[in-house]
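Structural description and commentary
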Amino acid sequence: MRLKIEHTTVYRFETPVVYGLQQLRKTPKSSYNQSVISWKIDIVGGRKEVSFEDHHHNTTELISFDPNVTELSVSSSGAVEITENAGILGAHHGMTPLWLYAMTTPRTEVGPGTRAFIKGMDAQPGIPELHDLSERIRTQVPYTLGSSAPDWSAEDAIEAGQGVCQDHTHIMIACARAMKLPARYASGYLMLNETTTQDAMHAWAEVHVEGLGWVGFDVSNGVSPDTRYVRVATGLDYSEAAPISGTRIGGINEELQVSIQVVQQ
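Residue indices begin from 1 for each chain and proceed along its sequence in written order. It should be noted that, the model being predicted, local features are given only for residues of pLDDT at least 70 and side-chain atom pairs only at 80 or more, the latter also being counted only at that level, while totals for whole chains, interfaces and linings use all residues. To get the side-chain values, all heavy atoms of the structure are used, and hydrogens and water are removed first.

**As for the overall build of the protein**
Put simply, the rule is: A run of H or I in DSSP counts as a helix once it spans at least four residues, and a run of E counts as a strand once it spans at least two, with each numbered from the N terminus. Radius of gyration: C-alpha atoms only; globule rule: 2.2 Å multiplied by the number of residues to the exponent 0.38. Each residue's exposure class comes from its accessible area (1.4 Å probe, protein chains only) as a fraction of the maximum for that residue type: buried when under 20%, exposed when over 50%, partly exposed otherwise. Contacts between residues were defined by any pair of non-hydrogen atoms, one from each residue, lying within 4.5 Å. Each accessible area is a Shrake-Rupley result for a 1.4 Å probe, and residues are judged covered by the shown protein chains and nothing else. Asp and Glu count as negative and Lys and Arg as positive, but His and the ends of the chain are not part of the count. To locate a charge, take NZ of a lysine, CZ of an arginine, CG of an aspartate or CD of a glutamate.
Each helix and strand in the protein was counted, giving four helices and 13 strands. Over its C-alpha atoms the protein spans a radius of gyration of 19 Å, differing by no more than 12% from the 18 Å that the globule rule assigns to 265 residues. Expressed along its principal axes, the backbone C-alpha trace of the protein runs to roughly 60 × 40 × 40 Å. For the protein, with 265 residues in total, the buried portion stands at 50%. Of all intrachain contacts in the protein linking residues separated by at least 6 positions in sequence, the fraction that spans at least 24 positions is 76%. As presented, the protein carries roughly 12000 Å² of accessible surface, and 52% of it is formed by carbon and sulfur atoms. Within the protein, one finds 20 positive and 31 negative side-chain charges whose respective centroids are separated by 3 Å.

The following block contains the structure:
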């Protein structure tokens, strides 16, 4: 399946930005079961300073704000070809060692909530057991739009009993790492059946399973990623796969507007 994607992020400020830098991870990966046919990024109110590939093979771009700007617009668009793989990505590639993905982070620390989810599970669970785990997370921490904070950890979401896709992903990763399984955060695009317009990217977990390699689990939707999913960035948690992060001086009272369209081409 070939998907066409348009993603626009607009920042507006009440006062001018004196100085600012943003780090972008908005370019899909050409790897495993997807191939980027075309992709471009247009910037208004700033400029691209440098582009590089980080240790997770994320295309990362650093952009600067124009002096005294009050509005910055970043628009990405392109087409990506996806082939069906039942969520199985296969062997680990790259220079980053697999053991790194078994390390915990502040957002994926193991606590009582995580331990309760994996109680009674085999030390080396297979695909059916991991899908059962995903379903337990989805049932006990139901998806609730706007229910969580960006800096929540897996344990925060479990304690609150609700969350969004970012929280579900952190919980799944924490559970996998508690069982000594390498796991990583994946952010990207998802073509929805009921609408073509969205206001946020999607997130899911990828767990390394013995004999199969990396396998994706979208806890929020109770499935493994299929041809509706486009992988953009991966990392140990959200902080390493966030589409935009950065800093600035000035520019008070930020207003953010995000528009994403994902359609079959």
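Having put the structure on the table, let's press on.
**Some words on the side chain of threonine 114**
Note that threonine 114 resides in helix α1 (residues 112-118). Judged by its relative accessible area of 0%, threonine 114 is buried. Discounting chain neighbours no more than four positions away, the residues touching threonine 114 are Glu109, Glu155, Ile158, Ala174, Cys175 and Ala178.

**Some details on the packing of helix α2 (residues 127-140) against helix α4 (residues 165-178)**
Think of two packed helices as two axes; the pair is described by the angle between the axes and how far apart they sit. So the rule is basically this: In this analysis, axes come from line fits to C-alpha atoms, helices being fitted only over the stretch in contact, and the angle between any two N-to-C directions falls in the range 0 to 180 degrees. Reported orientations rely on four angle classes, namely roughly parallel under 35 degrees, roughly antiparallel over 145, roughly perpendicular from 65 to 115, and oblique for the rest. In this scheme the crossing of two helices becomes right-handed for a clockwise turn of the near helix relative to the far one and left-handed for an anticlockwise turn of less than a right angle. In this classification, Asp, Glu, Lys and Arg are treated as charged, Ala, Val, Leu, Ile, Met, Phe, Trp, Tyr, Cys and Pro as nonpolar, and every other residue, Gly included, as polar.
Where α2 contacts α4, the axes come no closer than 10 Å and their chain directions differ by 135°. Accordingly, the angle class assigned to the pair α2 and α4 is oblique. When you trace α2 past α4, the crossing you get is right-handed. Within the contact between the two elements, α2 uses Leu130, Leu133, Ser134 and Ile137 and α4 uses His168, Ile171, Met172 and Cys175. Partitioned by chemical class, the residues of the contact of α2 with α4 number six nonpolar, two polar and no charged.

**With respect to the nonpolar core**
To be explicit about the condition: The term nonpolar core refers to a set of buried residues drawn from Ala, Val, Leu, Ile, Met, Phe, Trp, Tyr and Cys, joined through side-chain atoms within 4.5 Å.
If you look at the biggest cluster of nonpolar residues, it comprises 54 residues, and the most contacted ones within it are Leu130, Leu133, Ile171 and Tyr189. Ranked by residues supplied to this core, first place goes to α4 with seven residues. With five residues, the next largest nonpolar core counts Leu89, Tyr101, Trp214 and Leu236 among its residues.

By themselves, these are just geometric observations and shouldn't be taken as functional.
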